[in-house]
Amino acid sequence: MYLVVAMLLLNWWLPAPAFAQGVGGNVGGSVEDETGGLLPGVTVTDTSNETGRQFVATTNERGEYRIPGMVAGRYKIQAELPGFTTYNAQVN
C-alpha cells in the first residue's frame, strides 16, 4: 500500500504577531492511503535542504499533522508507517 501526503501551508508567509520574535510558519496536512482512508500514527519528517535540520510530527487519530516553526526554503518530506511504502517528495 502507498501513503499519500496532502500538505497545507498554514500561515507560511503571514506576518508574525508583534509580540513574536521568531521567523517561521506552520506546515500541516493529512496522510491517507491509496483508497483515501486517513492514517493515524504516520511519522512525517521535513528535512531542510539548506541546513539539514529536521522537523518531525506524527499524524493524529484523524491522520492530520502539524509542524510549527519552519522557515521558508526547500525541504525533503518523508512519511513512514510500517506496512506501507515510504512516501518521499521535494517541496519548495
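Preceding block: the structure.
The rules we used
- Residues numbered from 1 in each chain as written.
- Predicted model: local features only at pLDDT ≥ 70, side-chain atom pairs only at ≥ 80, totals over all residues.
- Heavy atoms only, no water.
- Buried < 20%, exposed > 50% of the residue type's maximum accessible area, 1.4 Å probe, protein only.
- Helix = DSSP H or I, 4+ residues; strand = E, 2+ residues; numbered from the N terminus.
- Pairing = 2+ DSSP bridges.
- Axes fitted to C-alpha atoms, helices over the stretch in contact; angles between N-to-C directions.
- Core = buried A, V, L, I, M, F, W, Y, C linked by side-chain atoms within 4.5 Å.
- Contact = heavy atoms within 4.5 Å.

Participant: Hey, could you run me through the pairing of strand 2 (residues 25–33) in this one?
Facilitator: Within a regular strand, the side chains alternate between the two sheet faces. The buried count for strand 2 comes to eight of nine residues, which makes it a mostly enclosed element. Of the strand pairs in this sheet, strand 2 and strand 5 (residues 64–70) are connected by five bridges, and their pairing is antiparallel. Residue pairing in the sheet places Ser30 in a bridge with Glu64 of strand 5.

Participant: Explain the sheet that holds strand 7 (residues 87–91) here, please?
Facilitator: Paired through backbone hydrogen bonds, the strands of a sheet run either parallel or antiparallel to each other. Taken in spatial order, the four strands line up as 4-3-6-7 in an open sheet, and their pairing is antiparallel. Sheet topology places strand 4 (54–58) and strand 7 at the edges, where each strand pairs with a single neighbour. Averaged over all adjacent pairs, the angle separating strand axes in this sheet is 15 degrees, with direction ignored. Inspection of the sheet shows strand 3 (residues 43–48) paired to strand 6 (residues 75–80) by six bridges, in the antiparallel sense. Bridging from a neighbouring strand, Asp46 pairs with Ile77 of strand 6.

Participant: What's the story with the nonpolar core in this structure? I'm lost.
Facilitator: Note on soluble globular proteins: their nonpolar side chains tend to be buried together. Formed by 15 residues in total, the largest nonpolar core has its most connected members in Val31, Leu39, Val42, Val44, Tyr65, Ile67 and Met70. Counting only elements with at least two residues in this core, the list comes to strand 2, strand 4, strand 5 and strand 6. Here Ile67 is in contact with Gly25, Asn26, Val27, Val44, Asp46, Phe55 and Ala57, once residues within four sequence places are set aside.

Scope: geometric values only; no functional claims are made or implied.
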